[in-house]
Amino acid sequence: MDVLDWLLDSDPAIRWQVLRDLTDAPAEQVQDERARVATEGWGARLLALQDEDGQWDGGTYFPARVEDSEEGQPWTATTYSLLLLRDLGLDPSSDEARGAVALVEANSRWEEGGQPFFSGEVEPCVNGMAVALGAYFGVDVDAVVARLLGEQLDDGGWNCEAERGSTRSSFGTTINVLEGLLEHERATGGSPSSEGARLRGEEYLLERGLLRRSTTGELINPAWLQLSFPTRWHYDVLRGLEYFRAVGDPPDGRIEEAVEVVRSRRQPDGRWLLEHSHPGRIHFSMEDGDGHPSRWNTLRALRVLRWCGD
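Here's what I pulled together on the structure shown here.

Rules behind the numbers
- Residues numbered from 1 in each chain as written.
- Predicted model: local features only at pLDDT ≥ 70, side-chain atom pairs only at ≥ 80, totals over all residues.
- Heavy atoms only, no water.
- Helix = DSSP H or I, 4+ residues; strand = E, 2+ residues; numbered from the N terminus.
- Buried < 20%, exposed > 50% of the residue type's maximum accessible area, 1.4 Å probe, protein only.
- Phe/Tyr/Trp six-rings, centres within 6.5 Å; stacked < 30°, edge-to-face > 60°.
- Lys NZ or Arg CZ within 6 Å of the ring centre and 35° of its normal.
- Salt bridge = Lys/Arg side-chain N within 4 Å of Asp/Glu carboxyl O.
- Disulfide = S-S within 2.5 Å.
- Core = buried A, V, L, I, M, F, W, Y, C linked by side-chain atoms within 4.5 Å.
- Contact = heavy atoms within 4.5 Å.

In this section: the environment of Ala-187. Checked against the element boundaries, Ala-187 lands in helix H9 (residues 171–188). Ala-187 sits in the partly exposed class, given a relative accessible area of 48%. Separated by 51 residues in the primary sequence, Ala-187 and Tyr-136 place their C-alpha atoms 7.1 Å from one another.

In structure tokens, the structure reads:
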């Protein structure tokens, strides 16, 4: 079985994206496959886990119950469940998506201050997620976007630690905000101010080659060279490249080192591995674990390399 056949021999969430991004299949075929996400496989399974009040696992950012003995951060509450549905490509116009999001909008409140889900809270990384989800699922998040624009730091990025005095941006917060702003622009057309903020945020990443310190040129975090999925709130080079691919502009020359990292992770059989799962409680596994071939990472790497002309 070649790599493309292996990818297509999978869940509808992967198949529809393979058809769209790697085979240039007709739009009708892509949409037909995408529609299955709501009723089959991982998408249907995740939708079925939503509580009657619209939450997942009883909470908004954290589950209702977290044991002290648990390793890592739980990924089963409402925020990360919705992010996964977005990654799977659940059609936001489907009845299933509309019903699920309506319940979240009516009942989900942030633990930080009791704010409604799509009003956001205080941390820009979390608010970037709220914007991405609201824009994707058709909910008004303009007020959260306005807040994020006012929180951009002088170096062009964002940092959840700014409220505690940090004046330097972080890659993790910045990528979450950028993904939200890009999704919002696609949904609403954006504004000159939001586009300008997005471009400055992109420049923050590009000036650093998506992985290095601007001051010394040192690699910021070796873990960023390992490929993960789902990425949760974390940054890595493939997530950064996926963002710039989604923007749709021709590749900037400053990303070449990051692209080469992705090329170098390709296995002799043409596939990529799952290398760095972020520990914590999950609803269910989609792959065989770290060190095993990953359809998600193979799909994501191949479409990035295709965008780069490989």
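By the definition in use, this model includes 13 aromatic pairs. Relative to Phe-118, the ring of Phe-117 lies with its centre 4.9 Å away and its plane at 75°, an arrangement referred to as edge-to-face. Every member of this aromatic cluster is reached through a ring pair, and the members are Tyr-61, Phe-62, Trp-75 and Tyr-80. Above the face of the Trp-6 ring, Arg-271 is positioned so that its terminal group lies 4.7 Å from the ring centre.

Counted under the stated rule, the structure contains 27 salt bridges. Note that Arg-263 is salt-bridged to Asp-310, the shortest N-O span being 2.8 Å. Separated by 47 residues along the polypeptide, Arg-263 in helix H12 (residues 256–264) and Asp-310 in the segment after helix H13 (295–307) bring together distant segments of the chain. Take Asp-310: its relative accessible area is 51%, and that puts it in the exposed class.

Next up on the list: the state of the cysteines. Inspection of the entire model under this criterion finds 1 disulfide. Disulfide partner of Cys-125: Cys-160, at an S-S distance of 2.1 Å. Disulfide Cys-125-Cys-160: torsion about the S-S bond near -135°, hence left-handed. Of this pair, Cys-125 sits in helix H7 (residues 124–137) while Cys-160 sits in the loop between helix H8 (142–150) and H9, and the two are 35 residues apart along the sequence.

Before going further, it helps to spend a moment on the nonpolar core. Counting residues in each nonpolar core, the largest one holds 84 residues, and the members touching the most others are Leu-85, Leu-88, Phe-137, Leu-210 and Trp-296. If one sorts the elements of this core by residue count, H7 sits on top with 8 residues. Leaving out residues up to four positions away in the same chain, Leu-88 has contacts with Ala-13, Trp-16, Gln-17, Val-37, Trp-42, Gly-43, Met-286 and Trp-296.

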